[in-house]
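What the coordinates show
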Amino acid sequence: MVDLVRQHAPLRADIDAAIARVLDTGAFIKGPDVGAFAEELAAYVGVRHVVPCGNGTDALQLALMALGVGPGDEVITTGFTFIATVEVVGLLGARPVLVDVNPCTFNIDAEEVRRAITPRTKAIVPVHLFGQPADMDRLLAISEETGVPIVEDNAQGIGARWFGAAGQRGDAPMTGTMGALGTTSFFPSKNLGCAGDGGAVFTNDDALAERVAMCANHGMKQRYHHEVIGINSRLDTVQAALLRVKLPHLDRWNDARRAAADRYDANFAGVASIRTPYRDPRATHVFHQYTLRLADGVDRDGCVAALAAAGVPSGVYYPVPGHRQAAFEQWGLASIHQPQSDILARQVISLPMHPELTALEQDYISDQVLTFVLQN
Ligand SMILES: *Cc1c(COP(=O)(O)O)cnc(C)c1O
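Residues numbered from 1 in each chain as written. Predicted model: local features only at pLDDT ≥ 70, side-chain atom pairs only at ≥ 80, totals over all residues. Heavy atoms only, no water.

**Some details on helix α10 (residues 250-268)**
To be explicit about the condition: A run of DSSP states H or I qualifies as a helix once it reaches four residues; a run of E qualifies as a strand once it reaches two. Both are numbered from the N-terminal end. Expected helix span is given by 1.5 Å per residue-to-residue step, counting one fewer step than there are residues. For every residue, the accessible area (1.4 Å probe, protein chains only) is compared with the maximum for its type, and the residue is labelled buried under 20%, exposed over 50%, or partly exposed between those bounds. Throughout, the arc means that of the directions going from the helix axis to the C-beta atoms.
Spanning 19 residues, α10 covers 27 Å between terminal C-alpha atoms, matching the ideal 27 Å at 1.5 Å per step. Of the residues making up α10, those classed as buried are L250, W253, N254, R257, A260, A261, Y264, D265 and F268. Looking straight down α10, one finds its buried side chains confined to an arc of 145 degrees; they lie on one side. Trailing α10 by a residue or two, G270 shows a phi angle of about 85 degrees, which is positive.

Structure below.
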């Protein structure tokens, strides 16, 4: 699905030097590269504060902790996402309120969000799924009307821009910077990945940034004086040093992902039983995943197996929507009606997608998909 060895090969000398520099100084925890990376990433995405942390799941948890989410509160989000988005709500003792997604963008449906708001709603968490921004114009309008803050789960969307109604602009805001808080992950396979675990929280709010940093550091601002119950969540210096080498290449890599998506789109054009990814004209898509929808007559799991037999990896993101997860049974979510998430869970298949894919590889992959779909 990704080829990190191929991605790192041309940068290898710089990466080795960056890691050697950390080893030479011995500053493994909160070394100078961590602060420098946070500043460089803040400048890149266009946000006042980047607070690095241990992974993208911690980033979500920290954002909700900074907003004071706890028992008795509700958090509105989507179940058609990686489990972490929903899990952290439950970990904090709050209730996840899952709403259905838009079948074109796969992202949270803003009208459903509006209907789900109650006096107990403490946050709205849209996910920029597969690298396509959620409808931030409508979500921000709802946030403004109701006073409920937005936490953008931008683990899959780093580098994407939301133009909105204003149209295509190079200086349009990046995803993760529009809500009260945004989060991201540097898991190796993400668009900006490190060589292990890493994550970050974004915010333009000075007080929230201070709270996130405090929660990530055992609830203390002053050493050994703990104001709240926090966690221990840090980005390792080695990972920060490596991310500083990779960040300047992110835009180029996202361009390469879009070009690869164009090639897949062309290969599948005109095939009635394959729906290629929708691209919202109000945003840039950074194609964390290239996800097809197969028509209901096509055996999706059979397609996954046929591709595997031909040496082609594929993924199903996500086969079980949040409302059907055993872990969330306590909230009685299984009875809620989420037709779009249920259909997508049955129909989606993601193909290999990374900046290093060659045209030859893509055409082979596409041929295998077409052979299966057209014969079954
Ligand atoms: C990867 C991911 C996360 C979690 O990130 P980790 O670094 O693996 O903890 C959260 N949300 C979404 C949508 C993700 O894709």
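There is more to say, and it comes next.
**Notes on the sheet that holds strand β7 (residues 199-203)**
For clarity, the threshold we go by: By definition, two strands form a pair when at least two bridges between them are found by DSSP. Angles here are taken between N-to-C directions and fall from 0 to 180 degrees, while the axes themselves are lines fitted to C-alpha atoms, restricted in helices to the stretch in contact. Whether two residues touch is decided by their heavy atoms; if any such pair falls within 4.5 Å, the residues are in contact.
In spatial order, the strands read β1-β7-β6-β5; together these four strands make up an open sheet with mixed pairing. With one partner strand each, in any of the chains shown, β1 (49-53) and β5 (151-153) form the two edges of the open sheet. Within this sheet the neighbouring strands show an average axis-to-axis angle of 20 degrees, counted without direction. For β1 and β7, the ladder comprises five bridges, and the chain directions are antiparallel. Bridge pairing links V50 to F202 in β7. Across the face of the sheet, helix α4 (residues 56-66) comes into contact with β1, β5, β6 (181-185) and β7 while running at roughly 165 degrees to β6.

**Observations concerning the site of the ligand**
Condition: For each residue, the test is whether any non-hydrogen atom lies within 4 Å of the molecule or strand; if one does, the residue is near. In the analysis that follows, any N or O atom pair within 3.5 Å is treated as a polar contact, provided that within protein one partner can donate a hydrogen and the other can accept it, and provided that, for residues neighboring in sequence, both atoms belong to side chains. For the accessible areas, the method is Shrake-Rupley and the probe is 1.4 Å, while residue cover comes only from the protein chains on display. For this scheme, ten residues count as nonpolar: Ala, Val, Leu, Ile, Met, Phe, Trp, Tyr, Cys and Pro. Four count as charged, namely Asp, Glu, Lys and Arg, and the remainder, Gly too, count as polar.
The full set close to the ligand counts 14 residues, and G56, T57, D153, S185 and K190 are the nearest of them. A distance of 3.4 Å separates an oxygen atom of the ligand from a polar atom in the side chain of N55. K190 places a side-chain nitrogen or oxygen 3.0 Å from an oxygen atom of the ligand. A total of 380 Å² of accessible area belongs to the ligand in isolation, and the protein chains cover 92% of it. Put simply, the parts of the chain that give the shell around the ligand at least two residues each are α4 and α5 (84-91). Here the shell around the ligand gets three residues from one element, more than from any other, and that element is α4. Class assignment for the residues of the shell around the ligand results in five nonpolar, seven polar and two charged.

**Structural notes on the packing of α10 against helix α13 (residues 359-375)**
As a reminder of what qualifies: Left-handed describes a crossing in which the near helix is turned anticlockwise from the far one by less than a right angle; the clockwise case is right-handed.
Two numbers describe how α10 lies on α13: the axes approach to 10 Å, and their chain directions differ by 35 degrees. The two elements α10 and α13 cross, and the hand of that crossing is right-handed. From α10, A260, R263, Y264, N267 and F268 reach across to α13, where they touch A359, Q362, D363, I365, S366, V369 and L370. Looking at side-chain class alone, the contact of α10 with α13 contains seven nonpolar, three polar and two charged residues.

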